[in-house]
Amino acid sequence: MSKDYLNSVPAERFATIIPRRRAIIESASAEMPRYEYNVNVLARDLHPKVQHVVVSDVKELFNARLYTLVPDKELGTDKLAYFQAGQYISLDLSIDGSRLTRPYSLCSAPSTGEYQIMVKNMKNGFASEYINSNFRVGTKIDVSEPSGFFYHEPLRDSGKVVGIAGGSGIAPFISMARAIVSGIEDFELILLYGSRTEEEILFREELDELEKKCSKIKVIHVLSDEEREGYRHGFISADLIGEFCEDGSVFVCGSQGMYDYIRKETDKLGLPIKRVRFDAYGEYRLGKRDEGKVETGKVYELTVKTNDGLTHVIPARSDESILVAVERAGIKAPSKCRSGECGWCRARLVSGEVYIPEMTERRRQYDKVAGYIHACCSFPLSDCVITINCE
Amino acid sequence: MEKYDLIVIGAGNGGLMTACRAAQMGLKTLVVERHNMPGGAATSFVRGRFEFDASLHEIPDFGQGEHRGELGRIFDELGIKVEMLPIKDAFRYVVEKDGVRSLDVTFPHGKDAVMKLISEICPDDVGAMERFFDAYEDMHRGLDYFGSVRGQIDPEVLRKEHPNFMRIMSISAGELFRALGMSEKCQKIMAAYWPYQGTDIDTVDASRYLMMVYGYFVNGAYVPRMRSHSLSTAIVDRARQFGCQFLFNTEVTKVLTANGRVCGVELEDGRQFEATAIASNAFPEIVYSKLLDDKSLVPVFERKKANARKYGFRAFSVYLGLDAPPEEIGVEDYTVFLSSSDDSRVLCEESKTRFGKEYALDVCCLNMAIPDCTPEGTTEMVLTISYTGDAWADVSEEDYVKVKREVADELITKVEKVMGYKIREHIEEIEIASPVTFARYMFSPQGSIYGYSSEKWDGMSSRLITSGMEQTIPGLFFVGGHGSSLSGYYPTYSGGNKTAMQIMGYVRGGGRR
Ligand SMILES: Cc1cc2nc3c(=O)[nH]c(=O)nc-3n(C[C@H](O)[C@H](O)[C@H](O)COP(=O)(O)OP(=O)(O)OC[C@H]3O[C@@H](n4cnc5c(N)ncnc54)[C@H](O)[C@@H]3O)c2cc1C
Ligand code: FES
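Since the structure is predicted, the reported quantities are computational estimates derived from the model, not experimental observations. (Residues numbered from 1 in each chain as written. Chains lettered and ligands numbered in written order. Predicted model: local features only at pLDDT ≥ 70, side-chain atom pairs only at ≥ 80, totals over all residues. Heavy atoms only, no water.)

Draft legend 1. Local environment of the overall build of chain B. The number of helices and strands found in chain B is 18 helices and 19 strands. Taking 513 residues into account, the globule formula puts the C-alpha radius of gyration at 24 Å, and chain B, at 22 Å, falls close to it. Overall, chain B is about 65 × 60 × 45 Å in size when its C-alpha atoms are taken along their principal axes. Within chain B, the proportion of its 513 residues that are buried is 67%. Looking at chain B alone, contacts between residues at least 24 apart form 73% of all its contacts between residues at least 6 apart. (Helix = DSSP H or I, 4+ residues; strand = E, 2+ residues; numbered from the N terminus. Rg over C-alpha atoms; globule rule 2.2 N^0.38 Å. Buried < 20%, exposed > 50% of the residue type's maximum accessible area, 1.4 Å probe, protein only. Contact = heavy atoms within 4.5 Å.)

Right, here's the structure in full:
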């Protein structure tokens, strides 16, 4: 039985709950309720599901092309999403029956209202070759929202950044330098820029100019295949990095070979993890370190269940990721970074075995035990069945 | 056209639990989720060496052994297996202003331990605290009665056997504290959990507050070993075993109706699916004003209700991956409620904008519950504040990152200053989520993470008592933080579970045409 410890509250008040609720509701407006507010609009502007763009300008650079992309108003994209210098966009491509994506760093400053990307000619590059021989002024493409975590964060990073760029890895630093000059970003950027020869240096003139315009930017060119006056020679070694980094943060963007090398060099300097940041690793290539982990030259059977209720049985090469196998089959699969870090390509491995290189293992803990994979960096070791969430 | 008994729009906690229970009971169920991941707020993300929980701090009513709570039992019944770990203390509550600390108390879990603490710090309140636990028992009995008669109460029985239940249901938590005769000091301490309810202690229902505090104090609090992502994914996988189907990366663009009832959905690619019932994890206003094919079907009362309601908390969180172990950072507690005032009314008022003079901050360090949740020698910590207003409405695209950073900077400074933690020099990873971030991932109006605010007229008591009376379009059900069980992991899970039973009744009864 109840004790009487609440007698100061009249039990009759219970009877007022419903009438009070009704009265308040009845006095409200009968309009259709609003469901979207400024905050929702801002979220959508910053993170559009897709952005339709048109190529408005093409420039030839050494062994690369620079594309300017503007919003395709005809298709409903009125403006391009703002971003942080150092981020990338993912291009949606359809090549010879394959549906695929490729990430490219934005070179433009965030404030210009247009995007610039630089696409290097890769030897036998499947997508890059297609892009550089087909994109021209007027070409329409779909691109993703700006993505990635390779940007300066003053709460985390030093006010002084030593940027290490290899070849086309200069792209995000161009964006950062432009952002510094236009006052959007505020940090000191010392660029150690490695190229093979003087001729191959990308954005040479603009870099000179940015350096002249702004005391916060300094560029040191390092040539690996050429000895020339006024240039450092060799690789970007621990000694060279040590000359500039003191208490600064080190940001690295370049090829995978370079990442492996720089990691060793910064280890020599004893830099803590927090002070060395690498841009997304890029499409993982199987190499020496994977020997014995995968079989070469095999083709497995991959069964793919997609959102539209269809089941596709396709071949999957042992030396290519599951994502690539799906793309080759012309199935449009979600992906963005292709480096293991964004999780966009998350798929359920229903059966079969895959190899996931340690470098690209960035799954959530539970996904590892529950059998979810990042398809972009999972290589088949047997016939597999997966489900993917097609867009 | 494929036909389902139930289509669930959205795979947040409410949607997932509804789907899992419905599928377990044999309903042919489909879940459609816009995002490529399940969970809504119940998700995690990886930055460098760290994996952060987007939202979860702790779950009450899970319990273990003899203290197995209702939520634990729901998981058991459905066979959802997730490793959960207990959190040692309930919370530490620190109130400090201008360097003067007026309160610093650590609440343990377990009724005996709580009573022991009260006898030490508020010896005069032992009786009041005992009555507080009595009040919970009385309320629980009343709710059981209420449930057993499915809301068809007999006023006579109620008056005779559940008078205290009636009283508790009609007052706020603050009124309850006073009616129980708690001292001012004890009232203030007991009010510490208010941020979990999103409204001040004199607005939030006594019933809701009792339920939560009792759950924490008696059954303890738990966190999953592998973040809330493990909860969401485990429910998806279990539901799938029951035959439930999922479509991720897919947006519902229309809710279809026929003969005054809902009858299916249309997806962004134009595909249509038939359904007898629809459970929306999306807010009612989104269904009413955006998705519904025939808007004239929305009852006037429902429109007015949506307009009368206020949104719950809009959160701001700073996720920190630190490159030093907790002892070097100086952390000793799992949860610290840190505020500049012990008056929740003042704090709520000052939290309407980004510029309030007072603050209430929640500091949560997962390593204190799961020491090896990050690599050796590292710590992860989440700082959270909540807004009671649309505090980010004025921010532009260009300023967004800057504003986010400024607010985060301020929070870090406060925590360092008051708690003496060494944070700044150890930040290896940082991610900042604002109401805009929550709006992005949850699609909730204004980025609300707590559904509708638990206003006096719209709290647990009032939503519960009227839950069967306020009819919307036949076949349409709402689950999630905006539903009748209110927000939080436990309420959205248990609410989804209950709603699935109602849906079962609808589908098996007259719903089928
Ligand atoms: C964050 C980030 C930023 C980047 N920024 C830049 C940048 O600014 N500039 C730049 O030049 N590069 C950049 N890259 C690299 C860029 O994304 C591409 O990887 C590069 O252009 C090479 O692409 P490719 O297709 O030519 O290479 P390939 O080596 O040909 O292609 C890669 C994969 O495609 C597969 N493939 C081959 N044939 C087919 C087929 N028929 N169908 C489907 N798949 C097939 C291959 O198996 C291989 O695994 C960046 C990468 C990342 C991760
Ligand atoms: S595409 Fe980013 S993780 Fe695979």
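Resuming the write-up.
Draft legend 2. Fine view of the overall build of chain A. Across its full length, chain A holds 9 helices and 19 strands. Dimensions along the principal axes, computed over C-alpha positions, put chain A at roughly 95 × 55 × 50 Å. Relative to its 391 residues, chain A shows a buried fraction of 55%. By sequence separation, contacts in chain A at least 24 residues apart represent 69% of the contacts at least 6 residues apart. A total accessible area of about 17400 Å² is found for chain A, and carbon and sulfur atoms account for 47% of it. (Areas by Shrake-Rupley, 256 points an atom, 1.4 Å probe, with all protein chains shown as cover.)

Draft legend 3. Geometry of the nonpolar core. Grouped together as the largest cluster of nonpolar side chains are 78 residues, with contacts concentrated most on B:F107, B:M129, B:F132, B:M190, B:Y193 and B:F217. Shared between two domains, this core takes at least three residues from each, and those domains are domain 1 (2-43 + 227-310 + 455-508) and domain 2 (110-219) of chain B. What B:F217 contacts, discounting residues up to four positions off in sequence, is B:A90, B:F91, B:F107, B:P108, B:H109, B:G110, B:K111, B:V114, B:M129, B:F133, B:M190 and B:Y193. A:A85, A:I180, A:L210 and A:C214 belong to the second largest nonpolar core, which has 55 residues in total. (Core = buried A, V, L, I, M, F, W, Y, C linked by side-chain atoms within 4.5 Å. Domains from an automatic or database assignment.)

Draft legend 4. Examining the interface of chain B and chain A more closely. The interface of chain B with chain A comprises 112 residues on the first partner and 74 residues on the second. Together, the buried faces of chain B and chain A total about 7900 Å²; carbon and sulfur atoms form 58% of this surface. Viewed at the interface, chain A and chain B are joined by 10 salt bridges. There are 40 residue pairs in polar contact (both at pLDDT 80 or more) connecting chain B and chain A. Classifying every residue of the side of chain B that touches chain A by side-chain character gives 49 nonpolar, 21 polar and 42 charged. (Buried area = accessible area lost by both parts, 1.4 Å probe. Salt bridge = Lys/Arg side-chain N within 4 Å of Asp/Glu carboxyl O. Polar contact = N/O pair within 3.5 Å; in protein donor to acceptor, adjacent residues only side chain to side chain. Nonpolar A, V, L, I, M, F, W, Y, C, P; charged D, E, K, R; others polar.)

Draft legend 5. Structural context of the packing of helix α2 (residues 70-78) of chain B against helix α18 (residues 489-511) of chain B. Residues and elements named next belong to chain B. Their axes nearest at 10 Å, the elements α2 and α18 cross at an angle of 50°. Between α2 and α18, the angle falls in the class oblique. As for the relative orientation of α2 and α18, their crossing is left-handed in sense. Contact with α2, carried on its side by E70, L71, I74 and F75, involves Y490, Y493, S494 and N497 of α18 and no other residues of that element. Residues belonging to the contact of α2 with α18 are distributed by class as follows: 5 nonpolar, 2 polar and 1 charged. (Axes fitted to C-alpha atoms, helices over the stretch in contact; angles between N-to-C directions. Parallel < 35°, antiparallel > 145°, perpendicular 65-115°, else oblique. Left-handed = near helix turned anticlockwise from the far one by under 90°.)

Draft legend 6. Geometry of the sheet that holds strand β5 (residues 59-60) of chain B. All names here are of chain B. Spatial ordering of the open sheet is given by β5-β9-β6, a layout of 3 strands whose pairing is antiparallel. Single-partner strands in this sheet number two, and they are β5 and β6 (84-87). Of the pairings in the sheet, the one linking β5 to strand β9 (residues 221-224) comprises 2 bridges and is antiparallel in character. Its bridge partner being in β9, I59 is matched across the sheet by Y222. Docked against the sheet, helix α10 (residues 227-241) engages β5, β6 and β9, running at close to 80° with respect to β9. (Pairing = 2+ DSSP bridges.)

Draft legend 7. Fine view of the sheet that holds strand β7 (residues 160-166) of chain A. Residues and elements named next belong to chain A. Judged by pairing direction, the sheet is parallel, and its 6 strands sit side by side in the order β10-β9-β8-β7-β11-β12 without closing on themselves. Both outer strands of the open sheet, β10 (232-233) and β12 (276-278), are each paired with one neighbouring strand and no more. On the sheet, helix α5 (residues 204-213) packs against β8 (188-195) and β9 (217-223) and is oriented at approximately 145° with respect to β9. Along the sheet, helix α6 (residues 238-245) makes contact with β7, β8, β9, β10 and β11 (249-253), crossing β7 at roughly 155°.

Draft legend 8. Spotlight on the site of ligand 1. Residues and elements named next belong to chain A. What surrounds ligand 1 is a group of 27 residues, the closest being P103, M118, F126, S128 and E320. Between ligand 1 and the protein, one listed contact pairs an oxygen atom with a side-chain N or O atom of E320 at 2.4 Å. With the chains in place, 86% of the 980 Å² that ligand 1 exposes on its own is no longer accessible. Those elements that provide at least two residues to the shell around ligand 1 are β4 (98-105), β5 (115-120), α3 (126-134) and α8 (322-328). The element that contributes the greatest number of residues to the shell around ligand 1 is β4, accounting for 6 residues. Taken together, the residues that form the shell around ligand 1 break down as 13 nonpolar, 7 polar and 7 charged. Counting residues domain by domain, the shell around ligand 1 receives three or more from each of domain 1 (50-143) and domain 3 (288-388). (Near = heavy atom within 4 Å.)

Draft legend 9. Fine view of the side chain of B:T472. Residues and elements named next belong to chain B. Structurally, T472 can be placed in the loop between α17 (460-465) and β19 (476-478). Separated by 2.9 Å, the side chains of T472 and Y288 make a polar contact. Beyond its immediate sequence surroundings of up to four residues, T472 is in contact with Y288, P299, E302 and F478.

That's the geometry; what it means functionally is another story.
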